[in-house]
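# Structure at a glance
Listed here are the chains, written in short residue letters.
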Amino acid sequence: QVQLVESGGGLVQPGGSLRLSCAASGSIFSITAMGWYRQGPGKQRELVAAITSGGSTNYADSVKGRFTISRDNAKDSVYLQMNSLKPEDTAVYYCRIRVVVATTPVDYWGQGTQVTVSS
């Protein structure tokens, strides 16, 4: 079974930075995309950023210009550099990888890591 282990969350002041990491382990084949989602208090889980194996990226409008997603294909890892953090960025952040199994997309999720932005 594929497992995703997240790290890098914590408490930071507004304007600060954090770098989230997510490392996948297990038998992984044909990763098509990696991404970060978040769920704030009283909100639905939303896409923050995603990156394909080819390197194309997507960002939520609320984080464009502040967050950068990257990945290391050799390590099956994905990262999220978060700069200029705002209180509204406070949420549990989840990493996700999408693989193809018998031509069918299958998603695997990390355990989540708390990011709190507060003075």
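First things first, this report covers the structure right here in the doc. Since we're looking at a predicted model, the values are computed, not measured.

Turning next to the sheet that holds strand E3 (residues 18-25). Strand order in the open sheet formed by four strands is E1-E3-E8-E7, and the pairing between neighbours is antiparallel. Edge strands, defined here as strands with exactly one partner in the open sheet, are strand E1 (3-7) and strand E7 (67-72). Sheet twist, expressed as the average angle between the axes of neighbouring strands with direction ignored, equals 15°. Bridge count for E3 against strand E8 (residues 77-82) is six bridges, and the pairing is antiparallel. By the bridge assignment, Ser21 is partnered in E8 with Tyr79.

Counting through the fold element by element, Arg66 comes out in the loop between strand E6 (57-59) and E7. Setting aside its immediate chain neighbours within four residues, Arg66 contacts Gln81, Met82, Asn83, Ser84, Leu85, Lys86 and Asp89.

Let's shift gears to the side chain of Glu6. The residue Glu6 is located in strand E1 in this model. For the buried Glu6, which has no salt bridge, the nearest side chain bearing the opposite charge is Arg45, at an N-O separation of 7.9 Å. Within the structure, the side chain of Glu6 is placed 3.2 Å from the backbone nitrogen of Gly112, a separation counted as a polar contact. Setting aside its immediate chain neighbours within four residues, Glu6 contacts Ser21, Cys22, Trp36, Tyr93, Tyr94, Cys95, Gly110, Gln111, Gly112 and Thr113.

With that settled, the discussion passes to the state of the cysteines. Inspection of every chain in the model, using the stated rule, returns one disulfide. One disulfide in the model links Cys22 with Cys95; its S-S distance is 1.9 Å. Taking the sign of the S-S torsion, about 50° here, the bridge from Cys22 to Cys95 comes out right-handed. Of this pair, Cys22 sits in strand E3 while Cys95 sits in strand E9 (residues 91-101); the two residues are 73 residues apart in sequence, bridging distant segments of the chain. Note on Cys95: relative accessible area 0%, which makes it buried.

In this section: the pattern of salt bridges. One pass over the structure, following the stated rule, counts six salt bridges. Arg38 serves as the salt-bridge partner of Asp89, at 3.0 Å between the closest nitrogen and oxygen. Remark: Arg38 occurs in strand E4 (residues 31-39) and Asp89 occurs in the loop between E8 and E9; sequence separation between them is 51 residues. Of the two residues examined, Asp89 and Arg38, each falls in the buried class. The residue Arg98 makes a salt bridge to Asp107 at a minimum N-O spacing of 2.7 Å. You can call Arg98 partly exposed: its relative accessible area is 29%. Salt bridges here are not isolated pairs; linked through shared partners, they connect Arg38, Glu46, Arg66 and Asp89.

Rules used in this analysis
- Residues numbered from 1 in each chain as written.
- Predicted model: local features only at pLDDT ≥ 70, side-chain atom pairs only at ≥ 80, totals over all residues.
- Heavy atoms only, no water.
- Pairing = 2+ DSSP bridges.
- Helix = DSSP H or I, 4+ residues; strand = E, 2+ residues; numbered from the N terminus.
- Axes fitted to C-alpha atoms, helices over the stretch in contact; angles between N-to-C directions.
- Contact = heavy atoms within 4.5 Å.
- Buried < 20%, exposed > 50% of the residue type's maximum accessible area, 1.4 Å probe, protein only.
- Lys, Arg positive; Asp, Glu negative; His and termini not counted.
- Salt bridge = Lys/Arg side-chain N within 4 Å of Asp/Glu carboxyl O.
- Polar contact = N/O pair within 3.5 Å; in protein donor to acceptor, adjacent residues only side chain to side chain.
- Disulfide = S-S within 2.5 Å.

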